[in-house]
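Here is how the chains run, residue by residue.
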Amino acid sequence: MIRAQQVCKSFGTQQVLKGISLEVSRGEVMCLIGPSGSGKSTFLRCINHLERVNAGRLYIDGDLIGYREKGDKLYEMSPRDAARQRRDIGMVFQHFNLFPHRTALENIIEAPTQVKKVRKADAITRAKELLDRVGLADKADAYPAQLSGGQQQRVAIARALAMDPKLMLFDEPTSALDPELVGDVLAVMRELAASGMTMVVVTHEMGFAREVADQLVFMDAGVVVEAGNPREVLANPQQERTQVFLSRIL
Amino acid sequence: MSSLDPEKSTDAAAAPAAAAGSPTEPAPIKAVPLRRPGRWVAAIIIVILVVLFLYGAATNGAYQWKTYWDYLFDVRIFHGMLVTLELTVLAMVIGVVLGVTLAVMRLSPNPVLRSASWGYLWIFRGTPVYVQLLFWALFPSIYKVIELGIPFGGPHFTHWNIQQLQAAFLFATIGLGLNESAYMAEIVRAGINSVGEGQREASTALGMSWGQTMWRTVLPQSMRVIIPPTGNELISMLKTTSLVTAIPLTTDLYGVAQTISAVNFRPIPLLLVAATWYLVITSVLMIGQYYLERHYSRGVNRQLTARQLRALAETTAVTEAGK
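The following paragraphs examine the structure supplied in this document. (Residues numbered from 1 in each chain as written. Chains lettered and ligands numbered in written order. Predicted model: local features only at pLDDT ≥ 70, side-chain atom pairs only at ≥ 80, totals over all residues. Heavy atoms only, no water.)

## A short note on the overall build of chain A
Okay, step 1: Along the backbone of chain A there are nine helices and twelve strands.
Okay, step 2: Relative to a compact globule of 250 residues, whose C-alpha radius of gyration would be 18 Å, chain A shows 18 Å and is just as compact.
Okay, step 3: The dimensions of chain A, computed from C-alpha atoms along their principal axes, are 50 × 45 × 30 Å.
Okay, step 4: Burial status across chain A gives 57% buried among its 250 residues.
Okay, step 5: Look at the contacts in chain A between residues 6 or more apart in sequence, and 63% of them connect residues 24 or more apart. (Helix = DSSP H or I, 4+ residues; strand = E, 2+ residues; numbered from the N terminus. Rg over C-alpha atoms; globule rule 2.2 N^0.38 Å. Buried < 20%, exposed > 50% of the residue type's maximum accessible area, 1.4 Å probe, protein only. Contact = heavy atoms within 4.5 Å.)

What follows is the structure, encoded as structure tokens:
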């Protein structure tokens, strides 16, 4: 489903991604781990074109992201087409980014009603189902400021799921949470993975990676250092950089 | 040995207090309040000065209080107030709409739009309002005729003779509105910038267009930062309308007060009448601003909104009835 070929990304003179190549199959869960500054969040944001790829190609289900290919030439994609590509990709942020001026329910129905032009009543029904799925059925009319961090993140997951995406991206979803609240969010992500969603998760939660991920990728300084089955990589890291990183975390 | 160790001394203090008072809490502190003589002295001086001023104003013949009361509810004054209010509202509407446009242009990735907006702000904030109004008054003599058509010799579709229009009110509104839009643009830009980048990213990631992101996500949140200075601008505009005497437009509150005093040679009480009504309207606007700010503070803190409190009351009533 996701095919990255030598993806490069620079911010000004600093090159953050130096040729990332990897593949994610449909229904697979891939965890990206690595030290801060390794480029994992940047790569994640390239997948839904929040950041522009400078070199290399990124395909989702055969569609090139961010550009249109005609023969040899690449054409910049119009904002409208880029927005259409993003409809099928859900994203969950480290700092939740819920709309503070809308209730939890209104947050979830915002995108379906505005972007997909779904009827409000249908969107509300679906939103209530999603809130129930993440365990927050009674918080439909609460504002984000009235919810705990874990609850906000679960609403954020429901908001992303409301668009029926084929791919979910998670950018360090539990890094901003108190340790007691992390478990609730991971439980929702576990259930999502079990239901067959394709997920790319940037995380420091090794327990989650070991149990739920199908592929673990370790990135450092803009390159993929090691990739493979999470249990194997965590138990027997082949590369020295991986060993150093894991020895600090585990 | 003095009690250098803070933990030891508080333990020593807490233990006997716990033993002396109730077993769970220490006795409440009853300290003698601090004397603040400075405050009393200042308060007395101010009260004396205010009383002296009021007494002086009440007995000073120059204020001509009888004339003041005669004209306070004069029907011409009320008509003047209506004109002032019309000018204020129209100028603010133009100012806000044009201001939002200019602010969005300032934030545009298009360099031509950005520069055009900057140039407009530079000119309209860099010259006095009075001078701008004088310019608008002279507009008909600079541009005697306006034609809509193809430039440089082509055919034209419509033709307006500006010099013949008696458009003092129109030019007053345009002059005030365009000037206000320059200040509103900066207020709106500050408001838009105050909304965190994460909000824009979340909307974009959900597939919303730039326009939808601005209109549905960013601008509503920017209102909280925009409303207080905008309320200030509205209150200020109410008084700035008195400058339309430059056009000259004399049907506003100040103009009417001036006209009356030119006939009865009593400027002081008439100006006080005008000042009184400006003050009354400003006070009403301040109340309106309070409610507007409250509406746009939804979701900012944890307090339950009125609607949520009502829902809570209803559910408790239902569960009470069910018992």
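## Focus: the sheet that holds strand S9 (residues 167-171) of chain A
Residue and element names in this part refer to chain A.
Okay, step 1: Read from one edge of the open sheet, six strands run S8-S9-S10-S3-S11-S12, paired in mixed fashion. Sheet topology places strand S8 (89-92) and strand S12 (223-228) at the edges, where each strand pairs with a single neighbour. Strand-to-strand twist in this sheet, taken as the mean axis angle between neighbours without regard to direction, amounts to 15 degrees.
Okay, step 2: Summarising the sheet, S9 and strand S10 (residues 198-202) pair through five bridges and their orientation is parallel. Following the sheet pairing, phenylalanine 170 is matched in S10 by valine 201.
Okay, step 3: The strands that helix H6 (residues 179-194) touches are strand S3 (29-33), S9 and S10; relative to S10, the one it contacts most, it runs at about 145 degrees. (Pairing = 2+ DSSP bridges. Axes fitted to C-alpha atoms, helices over the stretch in contact; angles between N-to-C directions.)

## As for the nonpolar core
Okay, step 1: Counting residues in hydrophobic clusters, the biggest one holds 51 residues, and the most contacted among them are Ile157, Met168, Phe170, Met189 and Met199 of chain A.
Okay, step 2: Ignoring sequence-local partners within four residues, the contact set of methionine 199 of chain A consists of Glu28, Val29, Met30, Met168, Phe170, Met189, Leu192, Ala193 and Phe208 of chain A. (Core = buried A, V, L, I, M, F, W, Y, C linked by side-chain atoms within 4.5 Å.)

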